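Chain by chain, the residues:
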Amino acid sequence: MVAVTGGARGIGAAIGAEVVRRGASVALGDLDAAGAEAAAAKLGERAAGFGLDVTDSASFSSFLDAAEARFGPLDVLVNNAGIMWVGRFDEEPEAVALKQFDVNLHGVLRGMKLAAARMRVRGRGHVVNVASSASKIAPPGEATYCASKHAVYGYSVAVREELRGSGVDVSVVMPVVVETELAAGTSAGRGRSLQPADVAKAVADAIERPRFDVFVPRPVGAFVRALALLPDRARVRLARFAVPNQVQDTDFAARRGYEAERVGR
Ligand SMILES: NC(=O)c1ccc[n+]([C@@H]2O[C@H](COP(=O)([O-])OP(=O)(O)OC[C@H]3O[C@@H](n4cnc5c(N)ncnc54)[C@H](O)[C@@H]3O)[C@@H](O)[C@H]2O)c1
């Protein structure tokens, strides 16, 4: 069974649809329980939706219990729930910064601990963390979001080593801009934005053949590696050319509804 956090909409719902299409059962957990149930209802018998708050360990544990009671042992946990605030770093309310870390980073930590405990006793399992290309590059206007996603990457590297030999795999998925509510009004810069199904396919492929670094689209991995090799001045020049500046390029009016509903101000 595959459990997906943040499964009511966007990338999480698309991952649910793709893994069911490939023959797995899926439990979709979301703060929006009705949304998770509605997303699961579209997928038939092998999907179910549950309420879940990844900022609360007891809620996370109950979600995994309910998912296992329904579909059997947890084979894969996809830590996908996430939120993003966009704007100048010095205009971000502190509560918003703390909340992004609580959901985007600590939500993943909680999930990894709870899933690893269940998977280790069976000697198998896979935790897939949906981070972001912002784990490796840092668009202006997304400072705290980037910091939380960089942290997910570092945490995943360390935990992967701690789990080596246990039978539990770890992957980090790093998509560029995807057309979901979270990305409303943001710019894809010179790149093309993705659809949730593009990320879902990459996640399902990584579940079938585990890889650690999963860039979506794949060539972004080469760009990131090239960037890391450059001296600072050249790196900044290339990043300014290729990476969108979300302070300048975002349509903030288009983000108001999303941020009011899912991030808070
Ligand atoms: N959209 C993009 O451009 C993009 C790019 C790279 C990575 N990502 C990452 O992909 C993941 C999914 O994002 P999305 O674009 O589908 O966003 P989305 O806003 O469409 O969906 C996110 C879901 O997470 C849920 N959620 C939020 N807080 C939660 C909590 N505390 N507990 C449980 N569920 C919670 C929301 O209710 C929502 O249903 C996030 O981790 C995001 O950072 C998104």
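Relevant structure appears above.
Residues numbered from 1 in each chain as written. Predicted model: local features only at pLDDT ≥ 70, side-chain atom pairs only at ≥ 80, totals over all residues.

1. As for the overall build of the protein
Inference 1: Summing up its helical and strand segments, the protein has 10 helices and seven strands in all.
Inference 2: For 265 residues, the compact-globule formula gives about 18 Å, and the C-alpha radius of gyration of the protein, at 18 Å, lands near that figure.
Inference 3: For the protein, the spread of C-alpha atoms along the principal axes amounts to about 50 × 40 × 30 Å.
Inference 4: Residue burial in the protein is summarised as follows: out of 265 residues, 46% are buried. (Helix = DSSP H or I, 4+ residues; strand = E, 2+ residues; numbered from the N terminus. Rg over C-alpha atoms; globule rule 2.2 N^0.38 Å. Buried ≥ 20, exposed ≤ 12 C-beta atoms within 10 Å, placed from the backbone.)

2. So, the site of the ligand
Inference 1: Close contacts around the ligand come from 31 residues, with Gly6, Gly10, Gly82, Thr180 and Leu182 the closest.
Inference 2: It is helix α1 (residues 10–21) that provides the largest number of residues to the shell around the ligand, a total of three residues.
Inference 3: When the residues that make up the shell around the ligand are grouped by side-chain class, the tally is 15 nonpolar, 10 polar and six charged. (Near = placed C-beta within 6 Å. Nonpolar A, V, L, I, M, F, W, Y, C, P; charged D, E, K, R; others polar.)

3. A word on the pairing of strand β5 (residues 125–130)
Inference 1: Most of β5 sits inside the fold, with six of its six residues counted as buried.
Inference 2: Side-chain alternation along β5 places Gly125, Val127 and Asn129 on one buried face and His126, Val128 and Val130 on a second face that is also buried.
Inference 3: In terms of strand pairing, strand β4 (residues 76–79) meets β5 through four bridges, oriented parallel. Paired with Val78 across the bridge in β5 is Val128.
Inference 4: Running through helix α4 (residues 94–122), the crossover from β4 to the neighbouring parallel element β5 is right-handed. (Pairing = 2+ DSSP bridges. Right-handed = clockwise from strand over helix to strand, strands pointing away.)

4. Considering the sheet that holds strand β3 (residues 47–51)
Inference 1: One open sheet accounts for seven strands, arranged β3-β2-β1-β4-β5-β6-β7; its pairing is parallel. Where the open sheet ends on each side, the last strands, each with one partner, are β3 and β7 (213–216). Strand-to-strand twist in this sheet, taken as the mean axis angle between neighbours without regard to direction, amounts to 20°.
Inference 2: The sheet contact formed by strand β6 (residues 168–175) and β7 spans four bridges and is parallel. Along β7, the bridge assignment pairs Val173 with Val214. (Axes fitted to C-alpha atoms, helices over the stretch in contact; angles between N-to-C directions.)

5. Some details on unusual backbone geometry
Of all residues except glycine, most have a negative phi; of all peptide bonds, most are trans.
Inference 1: In this chain, Val216 is followed by Pro217 through a cis amide linkage whose omega measures -5°.
Inference 2: Checked against the element boundaries, Pro217 lands in the loop between β7 and α7 (219–229).

6. Some words on α1
Inference 1: Along its 12 residues, α1 runs 17 Å from first to last C-alpha, staying within 8% of the 16 Å computed at 1.5 Å per residue.
Inference 2: Where burial is concerned, most of α1 is hidden: 11 out of the 12 residues are buried.
Inference 3: When α1 is considered as a whole, its buried residues turn out to be Gly10, Ile11, Gly12, Ala13, Ala14, Ile15, Gly16, Ala17, Glu18, Val19 and Val20.
Inference 4: Once α1 finishes, Gly23 follows within two positions and takes phi at roughly 110°, a positive value. (Expected span 1.5 Å × (residues − 1).)

7. Comments concerning the packing of helix α3 (residues 57–71) against α4
Inference 1: Where α3 meets α4, the axes come as close as 10 Å, and the angle between the chain directions of the two elements is 40°. On the basis of their axis angle, the class for α3 and α4 is oblique. Handedness of the α3/α4 crossing: right-handed. Note on element contacts: α4 touches α3 through Arg110, Gly111, Leu114 and Arg118, opposite Ser57, Phe60, Ser61 and Leu64.
Inference 2: Classifying every residue of the contact of α3 with α4 by side-chain character gives three nonpolar, three polar and two charged. (Parallel < 35°, antiparallel > 145°, perpendicular 65-115°, else oblique. Left-handed = near helix turned anticlockwise from the far one by under 90°. Contact = placed C-beta atoms within 7 Å.)

8. Concerning the nonpolar core
Inference 1: The biggest cluster of nonpolar side chains holds 77 residues, and the ones touching the most others in it are Ala3, Leu28, Val78, Val128, Val173, Val199 and Val203.
Inference 2: In this view, Val128 contacts Val76, Val78, Ser171, Val173, Val203, Ala206 and Ile207; residues no more than four positions away in its chain are not counted. (Core = buried A, V, L, I, M, F, W, Y, C linked by C-beta atoms within 7 Å.)

9. Quick look at the environment of Val2
Inference 1: Counting through the fold element by element, Val2 comes out in strand β1 (residues 2–5).
Inference 2: Val2 sits in the buried class, given 29 other C-beta atoms within 10 Å.
Inference 3: For Val2 and Leu74, which are 72 residues apart along the polypeptide, the C-alpha to C-alpha distance reads 6.3 Å.
Inference 4: Setting aside its immediate chain neighbours within four residues, Val2 contacts Val19, Ala24, Val26, Asp75, Val76 and Val78.

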